[in-house]
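# Descriptive structure summary
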Amino acid sequence: MTTAEYALRRTPEEYERLRAQARMWETATGRLLDRIGFTTGARCLDAGCGPGETMRLMALRGGHVTGIDSDAALAATTAEALPGCRVLTHDLNADEPVPGGPYDIVLARLLLFHTPDRVAVVRRLWEAVAPGGSLVLQDYHLSAADVEPSLPSVAEVTRLLIAMFESVGCNTRAGLALPAYLEQAGLGAPDGTDVAGYLETLGAGRVMLDATFRSVLPAGLAHGVITAEAAEAALAAMAGDAAGHPGRPMLWPLMIGAWITRR
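Residues numbered from 1 in each chain as written. Predicted model: local features only at pLDDT ≥ 70, side-chain atom pairs only at ≥ 80, totals over all residues. Heavy atoms only, no water.

Attention now goes to the sheet that holds strand β1 (residues 43–47). With mixed pairing, the 7 strands of this open sheet are ordered in space as β3-β2-β1-β4-β5-β10-β7. Across the chains shown, the open sheet's two edge strands, defined by having one partner strand only, are β3 (86–89) and β7 (192–196). In this sheet, neighbouring strand axes are inclined to one another by 15° on average, regardless of whether the strands run parallel or antiparallel. With respect to the sheet, helix α5 (residues 118–127) is in contact with β1, β4 (103–109), β5 (129–141) and β10 (254–261), its orientation differing from that of β5 by roughly 150°. (Pairing = 2+ DSSP bridges. Helix = DSSP H or I, 4+ residues; strand = E, 2+ residues; numbered from the N terminus. Axes fitted to C-alpha atoms, helices over the stretch in contact; angles between N-to-C directions. Contact = heavy atoms within 4.5 Å.)

Written out as structure tokens, the structure reads:
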């Protein structure tokens, strides 16, 4: 998305939250890279690279890594943190070729969740894939998030999160739609799919849930989804339940993957 349309805050605190979130999914993304046969020296693109944790993952595997993000300030910070990688500022929603290609691996994790024309973005990413290379997509199915036994406060925070993201055009079920996006882009069915979950205690998971809620809250307020008072009440209720039931298992949104190789 363009800066004006992006659902989340662009602050140092949000960038740190994104780093923590990325580290949670390293194993799931690494499994997909193994499935497509990642090799040392592969030319890799992290599309929508954010603070660069997925770039770091591919660089540690011996890839020659490029990251692309529309946030120029964040791209500059990422380039400083990863001096062995290349970081480009580019809006992947623009009707232009993806710069720097072709690539042996084009990876887009939690990108389509935010983009307004997902099929067009998939088509452009595919055009950047070299012969024999692979396009790898990973995205959330947000409504899967839950706690066991369930708690109304957590259910309400999850409901509001979905409503706030969707108020700015996000697809909170983008992971489930990945095969359809590939088909609609004219690429056919994926060569494979993957579903990953992340389970931790409510006491630990509430911190990330709270931070995500606060990051998207300005968008929710601007679109009339919620008031500031209602938001604080919802978060306080969840915090109280987390204090009372810190050990309850909490399931994160599912991270769904799909990949396809250019033959």
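After that view of the structure, there is still more to cover.
This model, assessed by the stated rule, comprises 3 aromatic pairs. Ring geometry for Phe113 against Phe165: centres 5.0 Å apart, planes inclined by 85°, an arrangement best described as edge-to-face. Of this pair, Phe113 sits in the loop between β4 and α5 while Phe165 sits in helix α6 (residues 152–167); the two residues are 52 residues apart in sequence, bridging distant segments of the chain. The pair Phe113 / Phe165 is uniform in exposure class, with both members buried. Feature note: the residues Trp25, Tyr140 and Tyr198 constitute an aromatic cluster, connected by ring pairs. The cationic tip of Arg61 hangs over the ring face of Phe38; the distance from NZ or CZ to the ring centre is 5.9 Å. (Phe/Tyr/Trp six-rings, centres within 6.5 Å; stacked < 30°, edge-to-face > 60°. Buried < 20%, exposed > 50% of the residue type's maximum accessible area, 1.4 Å probe, protein only. Lys NZ or Arg CZ within 6 Å of the ring centre and 35° of its normal.)

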